[in-house]
Amino acid sequence: MKAEAGKNVVGSDSEAEKVIKIAGSITVDELAQALGLAVTTLIGELFKNGIVATINQRLDFETAEIMIQELGMKNVRLERKNTAAKLTDEGRRELSKDAVSRPPVVAVMGHVDHGKTTLLDTLLKKKTVEKEAGGITQHISAYQLEYEGRKITFLDTPGHEAFAAIRQHGAMLTDIVVIVVAADDGVKPQTVEAIKFAQGANAKMIVAINKIDREGADIERTKAGLAEHGLMPEEWGGDVIMVPISAKTGEGLEKLLEDILLVADVEELKADVKIPAEGLVIESHMETGKGSVVNLLVTGGELKVGEFVAAGGVYGKIRTMLDFQGKPKGKAGPSTPVTVTGFKELPDFGDRFLEYSDEKSARKAALLYAQGAASEMASANVTSTDLLRMMNVADNSKVFNVIVKGDVLGSVTSVVDSLKLIDTHGEVTLNVVATGVGDITENDVHMAVGDNTVIYGFNVNVPVNISKLAARDGVEVRTFKVIYELLDDARSSMEELLGEEVVEEKVGEMEIMGVFRVTKSEVIAGGKMTEGKVVPRVLARLRRKDEILGEAEVESVQKEKIEAKELIEGEIGGLALKTEKKMVPEVGDKLEFLTREMKKRKLEG
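About the cut-offs
- Residues numbered from 1 in each chain as written.
- Predicted model: local features only at pLDDT ≥ 70, side-chain atom pairs only at ≥ 80, totals over all residues.
- Heavy atoms only, no water.
- pLDDT = per-residue confidence, 0-100.
- Helix = DSSP H or I, 4+ residues; strand = E, 2+ residues; numbered from the N terminus.
- Contact = heavy atoms within 4.5 Å.
- Buried < 20%, exposed > 50% of the residue type's maximum accessible area, 1.4 Å probe, protein only.
- Pairing = 2+ DSSP bridges.
- Right-handed = clockwise from strand over helix to strand, strands pointing away.

Draft legend 1. Here's a closer look at the confidence of the model for the chain. Averaged over every residue, the pLDDT of the chain is 80; the share at 70 or more is 81%. Ranking the elements of the chain by mean pLDDT puts strand S1 (residues 4–10) last, at 41, and strand S16 (residues 303–304) first, at 95. Under a pLDDT of 50 for its full length, residues 5–14 has, in the predicted model, 15 contacts with residues more than four places off or in other chains. With pLDDT under 50 throughout, residues 127–138 is counted as low confidence; its partners more than four residues away or in other chains account for 31 contacts.

Next up, the structure:
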């Protein structure tokens, strides 16, 4: 993958900035050429940071960026080539003249607890909120309903910030994004994030202003907040449909459905049916007795039971197919979500699947994809994570090793991404030893032995025999059903590695007005408290202008020549200070009073 170098003029001083465009990764040789360096210079810089690299070794985008910073090249900027991601329409066949209308695919997005899942529950007359741990959607769920004789496919996406990867995935699958905003809470960070995702996916947006039945609901204020983020209501001269609703009572839901179909009509959504089936992987997981269970969204053609398909590097024969209600289905057309079995292994979250005429063709397609991915991974084996980890370890940082297992690939991705967002300021390095889908296994325990690796299970089980094996081998296995709790536990574990720190707190200050006695181990002086207070047994630091002359402990406090419990701001009194090293205060010096203790360090943010 060749780098493209260009020049832009930036800044008022006409300082030239070199822009290097790469997609995914770049070899050491290519980067050196783009930077105008001898390749040995770049290899040497990598070596300094703990990476032994060859001339043809590939560096990912972030690593290349770090190396440019390490080299001090302030006028060089990396840019990603505008290559299509696997979730875009890249590779999708152009529509033929025989293309037919298809149902719209609608993602429901927004801030946590603004009512996305409740909205779908009311539309579909079911109860999913109670089933989700903590009442928070933790996977993408796909549903289909019929309104006025027409089908609409809905994707319910997680709202918690830890599931940004899944939520973005949901946006990329859709034609229309319904942004749910609570009228009593207004625009929140995840509302803004959902808007950005929808814009990035070129999806049409409809805003559902929810909870209008609640006290404190303010529809106009909510519209104003949305307008600040570029969503201008139609009634204000903009082009965004905003529908006041109550997901709880059902008010406004028919209007919302009508508007969804109206937007779908304007967009003229179509798909070819007389072509090999194609679509996207929404979720995948393993089930005992069934093997790989995969949720698919068909985008073209008709997927039938018995057909051969390949998704990424995985292939299989569709053995069973169920609709979103769990009912058997013989075939599925465009915009239809289905759950299938028959894949030999688990396809990746977001992979495109294609139908093939026979098993040999499907296997060959999967093999070619896998070989290409393996080649890229084998050569692009220096990532920013590797580099930062080695740089940090070189600086004697602590390492927190984890193995992550989840119920579906989407969950694993989000857990790992969220763990990496825990900021330790480079003092603790997160090392993901392995990831996987399904229950904790004997192999997981074996991998965790010996280097204090913690196994995190998200919505998975620990068989009794595996639990006993882990206990015997001293391996910690921690399972969670709510991601907040998993992340809190990881944060706490990383804080344990930070150790303790000395914490000082200033409690008062005195200006010295008189010095009555000075010995090697004692000072008796008096003055006026200018701030705070002083009590016996606190520390006193003697300061003369900007110079610190020594420290002592307050042995006793006197007010009006009588021993007192404290002196406070504005009062005049005397102090007896106990010193380990002689210090000689003078009139006009300051005594700062402070407490000092060891505290367990905490991670910020």
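Now that the structure has been shown, the text picks up again.
Draft legend 2. View of the environment of Val 454. Relative to the elements of secondary structure, Val 454 occurs in strand S24 (residues 454–458). Under the relative-accessibility criterion, Val 454 is labelled buried at 4%. When the C-alpha positions of Val 454 and Ile 403 are compared, they lie 6.3 Å apart, and in sequence the two are 51 residues distant. With near-sequence residues (within four places) excluded, Val 454 lies in contact with Phe 400, Asn 401, Val 402, Ile 403, Glu 476 and Arg 478.

Draft legend 3. Focus on the environment of Phe 349. You can see Phe 349 is positioned in the loop between strand S20 (336–343) and strand S21 (352–356). Phe 349 sits in the buried class, given a relative accessible area of 13%. Sequence separation of Phe 349 and Ala 311 is 38 residues, and the distance between their C-alpha atoms is 9.9 Å.

Draft legend 4. Structural view of the pairing of strand S11 (residues 204–210). The element S11 is extensively covered by neighbouring structure, given that six of its seven residues are classed as buried. Both strand S10 (residues 176–182) and S11 contribute to a ladder of seven bridges, which runs parallel. Within S11, the residue paired with Val 177 across the bridge is Met 205. Looking at chain direction, S11 and strand S12 (residues 241–244) are connected through four bridges and run parallel. Looking at the pairing, Val 207 lines up with Met 242 of S12. The handedness of the S11 to S12 crossover, carried by helix H7 (residues 219–227), is right-handed.

Draft legend 5. Seen up close, the pairing of strand S17 (residues 308–311). By the alternation rule, side chains of S17 split into Phe 308 and Ala 310 and Val 309 and Ala 311, which are all buried. As consecutive antiparallel partners, S17 and strand S18 (residues 314–322) are separated by two residues, and within that stretch Gly 312 has a phi angle of approximately 60°, a positive value. Where S17 meets S21, four bridges bridge the pair, whose relative direction is antiparallel. Paired with Phe 308 across the bridge in S21 is Tyr 356.

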